[in-house]
Amino acid sequence: MGDHYIWNGAKEHVLRFGDPGAPTVLFIQPFFEEANRMRRVIVSVMRALADAGYHAVLPDLPGTGESQTRLDQIGLEDWRGALRSYASSLPKLTCVASFRAGSLIDDASGAAHLWRCSPETGARLVRDLMRTRLTSAQNQDAEDTLDLAGNRLRKSFVDALSTMTPPAHTSLRTARLATDTADADVRLIGTPMWRRSEPGDDQDLVGSITTDLLYWIRACAKY
């Protein structure tokens, strides 16, 4: 179901499932092209949470999705501000579920409990963007912007992003794929959809994310 929130005088889109009066899980998707590749998986998890009695919401950040704001007008502080503003409007915010680079800003939600799927550092994300940087004259037509993998970004945005790491939090659960050797609280079954060349679905990944996220939400409810 579509909805919206207001940020900086503009309407920004929100996808939501479930009863708005139920405990709410706020989703933060990956940045840039990884968001497109993971969209189906995230939406499937949101639907599953709604079936389990929760309210699942996924706001578009300014300059992304259906936003009318241009991405090259946005800084990271704008994303954090928009997320903070929207999260404050959710009276029953129970947990935030962030994916990949979305974990870099999940603390802006002010949520007491965080769940992260394969959190990524800003430096690694910027390196990936730089590998696919367009070499056309588009990169030269404005001194303060870069065209990275088809995303027009302020240089100040890229500079800030490259220094960021997922922030520490007192109530945090980190999930990673079974093939990932980095530290994690749980290993997920499935494939790294964010690495696919095209958007897709993986029901094993959907199932393992849903199972662990429901475990964490219910555990947090006891705090």
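Preceding block: the structure.
For every chain, the first residue of the written sequence is number 1, and numbering continues from 1 along that sequence. Where totals are concerned, whole chains, interfaces and linings use all residues; where local detail is concerned, this predicted model gives features only for residues with pLDDT of at least 70, and gives and counts side-chain atom pairs only at 80 or more. Computation of side-chain values covers all heavy atoms of the structure but excludes hydrogens and water.

J.: Even after reading the chapter, I still don't get the overall build of the protein, so can you show me in this structure?
T.: Labels follow the DSSP assignment, with helices taken as runs of H or I lasting at least four residues and strands as runs of E lasting at least two, numbered in each case from the N terminus. Broken down by element type, the protein carries 5 helices and 10 strands. Note on method: radius of gyration uses C-alpha positions; expected globular size equals 2.2 Å times residues raised to 0.38. Computed over C-alpha atoms, the radius of gyration of the protein comes to 17 Å, within 12% of the 17 Å expected from 2.2 N^0.38 for 223 residues, which places it in the range of a compact globule. Dimensions along the principal axes, computed over C-alpha positions, put the protein at roughly 55 × 40 × 30 Å. Relative accessible area decides the class of each residue, using a 1.4 Å probe on protein chains only: under 20% of the type maximum gives buried, over 50% gives exposed, and in between gives partly exposed. Every one of the 223 residues in the protein was classed for burial, and the buried ones make up 54%. Residues count as neighbours in contact if any of their non-hydrogen atoms are within 4.5 Å of one another. Pairs at least 24 residues apart make up 64% of the contacts formed inside the protein by residues separated by at least 6 positions. Computed with a 1.4 Å probe, the accessible areas rest on the Shrake-Rupley method; for each residue, only the protein chains presented here act as cover. Total accessible area on the protein is roughly 10,300 Å²; 48% of this is exposed by carbon and sulfur atoms.

J.: Is there a simple way to explain the packing of aromatic side chains in this structure?
T.: Two aromatic rings are characterised by how far apart their centres lie and by the angle between their planes. Whether two aromatic rings pair depends on their centres lying within 6.5 Å, for rings of Phe, Tyr and Trp, where Trp uses its six-membered ring; planes under 30 degrees apart make the pair stacked, over 60 edge-to-face, and the rest tilted. All told, the structure shown has 8 aromatic pairs when counted by the stated rule. With a centroid separation of 5.1 Å and an interplanar angle of 40°, the aromatic rings of Tyr-5 and Tyr-86 are classed as tilted. Here Tyr-5 is found in strand 1 (residues 2-7), whereas its partner Tyr-86 is found in helix 2 (residues 76-88), with 81 residues between them in sequence. As far as burial versus exposure is concerned, Tyr-5 and Tyr-86 are alike and both buried. A connected cluster of aromatic rings, assembled from ring pairs, spans Phe-31, Phe-32, Trp-79 and Phe-157.

J.: For this particular structure, what's the right way to read the environment of Val-57?
T.: If you trace the backbone, Val-57 turns up in strand 4 (residues 55-59). Taking C-alpha positions, Val-57 is 22 Å from Glu-120, a pair spaced 63 residues apart along the chain. Non-local contacts of Val-57, meaning those with residues more than four positions away in its chain, are made with Val-14, Leu-15, Arg-16, Thr-24, Val-25, Leu-26, Phe-27, Met-46, Tyr-86 and Leu-90.

J.: What is the right way to read the pattern of salt bridges from this model?
T.: Side chains that differ in sign of charge can pair as their charged atoms come close. By convention in these notes, a salt bridge is any Lys or Arg side-chain nitrogen within 4 Å of a carboxyl oxygen on Asp or Glu. What the rule picks out here adds up to 12 salt bridges. Linking Asp-128 and Arg-131 is a salt bridge whose minimum nitrogen-to-oxygen distance equals 2.4 Å. Taken together, the residues span about one helical turn, with Asp-128 and Arg-131 both in helix 3 (residues 122-131) at a distance of 3 residues. Residue Asp-128 is joined to Arg-195 by a salt bridge in which the shortest nitrogen-to-oxygen separation is 3.2 Å. Taken as a pair, Asp-128 in helix 3 and Arg-195 in the loop between strand 10 (186-188) and helix 5 (203-220) lie far apart in primary sequence, 67 residues in all. Assessed through its relative accessible area of 48%, Arg-195 is described here as partly exposed.

J.: Would you explain the environment of Arg-39 in this entry?
T.: Mapped onto the secondary structure, Arg-39 falls in helix 1 (residues 33-51). With 161 residues separating them along the chain, Arg-39 and Gly-200 place their C-alpha atoms 8.2 Å apart. Setting aside anything within four residues of it in sequence, one finds Arg-39 in contact with Leu-15, Gln-29, Leu-58 and Asp-60. Identification of polar contacts relies on pairs of N or O atoms within 3.5 Å, with a donor-acceptor requirement for protein atoms, meaning one able to donate a hydrogen and the other able to accept it, and with residues adjacent in sequence counted only if both atoms are side-chain atoms. Side chain to side chain, Arg-39 and Gln-29 meet in a polar contact 3.1 Å long.

J.: Is there a simple way to explain the environment of Gln-73 in this structure?
T.: With respect to the secondary-structure elements, Gln-73 resides in the loop between strand 4 and helix 2. Sequence spacing of Gln-73 and Cys-117 is 44 residues, and the spatial spacing of their C-alpha atoms is 28 Å. If we skip the residues at most four places from it in the chain, Gln-73 touches Asp-78 and Arg-154.

J.: What should I look at first to understand the sheet that holds strand 5 (residues 93-99) in this one?
T.: Strand pairing within a sheet occurs via backbone hydrogen bonds; the two strands may be parallel or antiparallel. By this definition, two strands are paired if DSSP reports at least two bridges between them. Strand order across the open sheet formed by 8 strands is 1-2-4-3-5-6-9-10, with mixed pairing between neighbours. Edge strands, defined here as strands with exactly one partner in the open sheet, are strand 1 and strand 10. Taken pair by pair, the neighbouring strands of this sheet meet at an average axis angle of 25°, ignoring direction. When strand 5 meets strand 6 (residues 114-117), the two strands line up parallel, connected through 4 bridges. Each bridged residue has a counterpart across the sheet, and for Ser-98 the counterpart in strand 6 is Arg-116. Angular values range over 0 to 180 degrees, each being the angle between N-to-C directions of two axes fitted as lines to C-alpha atoms, with helices fitted over their stretch in contact. The strands that helix 1 touches are strand 2 (10-17), strand 3 (24-28), strand 4 and strand 5; relative to strand 2, the one it contacts most, it runs at about 60°. Along the sheet, helix 2 makes contact with strand 1, strand 2, strand 3, strand 4 and strand 5, crossing strand 1 at roughly 115°.

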